[in-house]
Amino acid sequence: MIVNFAERAHNHNWNLDPITRSLLDTDFYKLLMLQFIWKHFPKTEASFDLINRSTHVRLADIIYREELVAQLEHARSLRFHKSELIWLAGNTFYGHKGIFEPKFLEWLERDFQLSDYQLSVEDGQFRLQFDGPWTSTTMWELYALSILDELKTRASLKGMTEIGLDMFYARAKTKLWEKMERLRRVPCLRIADFGTRRRHSFLWQEYAINLARTALGDSFAGTSNTYLAYKHDMEAIGTNAHELPMALAALAPDDEALKTAQYRVLELWQQTYQGELLIMLPDTFGTTQFLESAPDWTANWTGQRVDSKDPYLAGDEYIEWVKQHGKDPRTKLLIASDALDVDLILGLHAYFSGTMVGQARPEDFQCAEDFLDPQKWIPDRRIRFSNGWGTLLTNDFRGCDPDGGPQFDPISLICKLTAADGRPAVKLSDNYAKATGIPSEIERYRRVFGTAGVANAPVLV
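Notes on the structure follow. (Residues numbered from 1 in each chain as written. Predicted model: local features only at pLDDT ≥ 70, side-chain atom pairs only at ≥ 80, totals over all residues. Heavy atoms only, no water.)

Let's talk about the overall build of the protein
Secondary structure assignment for the protein yields 19 helices and 13 strands. Rg of the C-alpha trace for the protein: 22 Å, near the compact-globule value of 23 Å for 461 residues, within the 12% margin. Dimensions along the principal axes, computed over C-alpha positions, put the protein at roughly 60 × 60 × 45 Å. In the protein, which comprises 461 residues, the proportion classed as buried is 59%. Intrachain contacts of the protein at a sequence separation of at least 6 include 77% that bridge at least 24 residues. Within the structure as shown, the protein displays about 18,500 Å² of accessible surface, and the carbon and sulfur contribution to it stands at 50%. Taking the average place of the 52 positive charges on the side chains of the protein and the average place of its 63 negative ones, the gap between the two points comes to 2 Å. (Helix = DSSP H or I, 4+ residues; strand = E, 2+ residues; numbered from the N terminus. Rg over C-alpha atoms; globule rule 2.2 N^0.38 Å. Buried < 20%, exposed > 50% of the residue type's maximum accessible area, 1.4 Å probe, protein only. Contact = heavy atoms within 4.5 Å. Areas by Shrake-Rupley, 256 points an atom, 1.4 Å probe, with all protein chains shown as cover. Lys, Arg positive; Asp, Glu negative; His and termini not counted. Charge placed at Lys NZ, Arg CZ, Asp CG, Glu CD.)

Structure below.
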């Protein structure tokens, strides 16, 4: 697919480029979680808030409120198409057909609709809130994030000339290709696109993943974006997210139930899904405490995704935990997914997928030639390792604007669960800076879960 990005940006019109083109234009894990919620918590009420952690970027001063409302209303008007539901019903995901139940797909076709929303402006920032049945609020997360991100992009593009736009996208394409060049032919490398939530635009994400598939071949595992997987016959990648343990913890009647809610989620998930979908995300309330108290049966799960902890530390911690439970870590899967870019991807791959020889360190691995040098590295995995490459795959335009300035730098937007059945929800994270929730509740959760292994690190993207 060849897109003239400069011309498309210069001639943007509503009919050609609505931001949310389909309800499938979301991460695959949201659909898996939606079925889980529909099955186990159909009457639970839930609230979500969208927050801009990059407070120096005053989005309400950049984006017209009317444009935001128009895009949100367009998303609310969408319904799943019959062809999309047939694909969900008949396609193979993680080697299995029939992951989505017929009654769930019937519900998607007949009854699913996004909830209403509340929009206000506070100190230069949009405040977006979604309240209603959990089944109708949960899907807003990805749509709202991608809408705001692309509206920010479009607002910045409006002030550029056609020549400036041409130079801008030429530089971005060159930058992206240079990243691919460093990753090409790296043995045993595995990368998936996780970039929907903070993408530059839908079209750029589509371009980036098609380029990755062409350049990286079998090393490119697929995309978390369900619509792009559907459109381009790629693997849809994803399992679950922090939202589920946050909700079950919020619903817990006392501190004892609060502590065990993180494992109750896994029990219910295991009842619903099997195989490669059994990936733990243990950092919701802290990875170290999660592993220390985890029931023995969790060691049978396929693997773990690392989000807010230093991935080197988190990977070593998980490998040791697997060994302590009598399992071979080489059969387990470790997925890194926080603020990845080429240097970190290559360093982690060197560290977990083989043996570094002599004085070699992760930062010494800069391209395929370093992995092909037996004096530096021998392929002999410590664990099955994969990368979820997000923002810096689909939205790295730093230094591409011919006029300079940071207006195209990615920002840290999040949309988090704030309440379940009126009870406040909390996420602690492995990074103090990423904690979300009411301060008094955050303190309560820290008393219950502790703070072992939690660090204070800057929030990147």
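There is more to say after this.
Here's the deal with helix α9 (residues 162-183)
For α9, with 22 residues, the first-to-last C-alpha span of 32 Å sits near the 32 Å given by 1.5 Å per residue. Residues G164, L165, F168, Y169, A172, L176, K179, M180 and L183 constitute the buried set of α9. The buried residues of α9 all sit within an arc of 145° when viewed along its axis, so they share a single face. Count one or two residues on from α9 and you reach R185, which has phi positive near 70°. (Expected span 1.5 Å × (residues − 1). Arc of directions from axis to C-beta.)

With respect to the sheet that holds strand β3 (residues 125-133)
Read across the sheet, five strands follow the order β2-β3-β1-β12-β13 without closing on themselves; strand pairing throughout is antiparallel. Lying at the two open borders of the sheet, with one neighbouring strand each, are β2 (118-122) and β13 (423-424). Sitting on the sheet, helix α12 (residues 243-251) is in contact with β1 (45-52), β12 (413-420) and β13, with an inclination near 25° to β12. (Pairing = 2+ DSSP bridges. Axes fitted to C-alpha atoms, helices over the stretch in contact; angles between N-to-C directions.)

Quick word on the nonpolar core
If you look at the biggest cluster of nonpolar residues, it comprises 149 residues, and the most contacted ones within it are L88, F100, L108, W269 and W389. Broken down by element, the residue count for this core peaks at ten residues, all from helix α10 (residues 202-216). Each residue touching F100, except ones within four places of it in the same chain, is listed here: F28, L31, L32, Q35, L88, F93 and L105. (Core = buried A, V, L, I, M, F, W, Y, C linked by side-chain atoms within 4.5 Å.)

Focus: the pattern of salt bridges
In total, this model carries 34 salt bridges according to the counting rule given. Note that R58 is salt-bridged to D61, the shortest N-O span being 2.6 Å. In this structure D61 comes out as exposed when scored by relative accessible area, which is 52%. One continuous salt-bridge network, built from bridges that share partners, spans K175, K179, D341, D396 and R398. (Salt bridge = Lys/Arg side-chain N within 4 Å of Asp/Glu carboxyl O.)

Concerning the state of the cysteines
All chains considered together, the criterion is met by zero disulfides. For the unlinked cysteine C188, the closest cysteine sulfur is that of C367, found at 16 Å. (Disulfide = S-S within 2.5 Å.)

Quick notes on the side chain of D25
As for its position among the elements, D25 is in the loop between α1 (5-10) and α2 (28-40). Beyond its immediate sequence surroundings of up to four residues, D25 is in contact with I19, T20, Y143, T196, R199, F202, N225 and Y227.

Remarks on the packing of aromatic side chains
Going through the model one piece at a time under the given rule, you end up with 38 aromatic pairs. Counting every residue linked through ring pairs, the aromatic cluster contains F28, W38, F80, W87, F93, F100, F104, W107, F112, F202, Y227 and Y230. Directly above the ring of F365 sits K376, whose terminal nitrogen or CZ lies 5.2 Å from the centroid. (Phe/Tyr/Trp six-rings, centres within 6.5 Å; stacked < 30°, edge-to-face > 60°. Lys NZ or Arg CZ within 6 Å of the ring centre and 35° of its normal.)

What to know about α2
With 13 residues, α2 ought to run about 18 Å at 1.5 Å a step, and its terminal C-alpha atoms sit 19 Å apart, in line with that. Counting buried positions over the 13 residues of α2 gives eleven, a clear majority of the element. Restricting attention to buried positions, one finds in α2 the residues F28, Y29, K30, L31, L32, M33, L34, Q35, F36, I37 and W38.

Considering the sheet that holds strand β5 (residues 220-223)
The sheet built from six strands is open, its strands ordered β5-β4-β11-β8-β7-β6 with parallel pairing. Strands at the two margins of the open sheet, each flanked by one partner only, are β5 and β6 (279-280). Relative to strand β11 (residues 384-389), strand β8 (residues 333-336) is paired through four bridges, and the arrangement is parallel. Residue L334 lies in a different strand from β11, and its bridge partner there is F385. Set on the sheet, helix α15 (residues 311-324) makes contact with β6, β7 (303-306) and β8; between it and β7 the angle comes to about 160°.

Looking at empty space enclosed by the protein
Under the definition given, this model contains five cavities of 30 Å³ or more. Approximately 120 Å³ is the volume found for the largest cavity. Lining the largest cavity we find 14 residues, and of these P245, Q262, V265, L266 and L281 sit closest to its centre. Elements supplying a minimum of two residues to the lining of the largest cavity: α12, α13 (255-272) and β6. No other element matches α13, which puts three residues into the lining of the largest cavity. Residue classes in the lining of the largest cavity are distributed as eleven nonpolar, three polar and no charged. (1 Å grid on protein atoms, 1.4 Å probe; cavity = no way out; pocket = protein on both sides within 12 Å on 5 of 7 lines; lining within 4 Å. Points joined across faces, edges and corners; volume = space filled by probe spheres on them. Nonpolar A, V, L, I, M, F, W, Y, C, P; charged D, E, K, R; others polar.)

Looking at the environment of L50
Topologically, L50 is positioned in strand β1. Judged by relative accessible area, which is 3%, L50 ranks as buried. With near-sequence residues (within four places) excluded, L50 lies in contact with F126, L128, A144, L145, L148, L413, I414 and C415.

Some details on unusual backbone geometry
Despite not being glycine, D123 shows a phi value in the positive range, around 50°. By the secondary structure assignment, D123 is in the loop between β2 and β3. Even without being glycine, S429 reaches a positive phi, approximately 75°.

Quick notes on the pairing of β11
Extensive coverage of β11 is indicated by the burial of five of its six residues. Examined bridge by bridge, strand β4 (residues 191-193) and β11 share three bridges and lie parallel to one another. Across the sheet, residue I191 finds its bridge partner in β11, namely N387.

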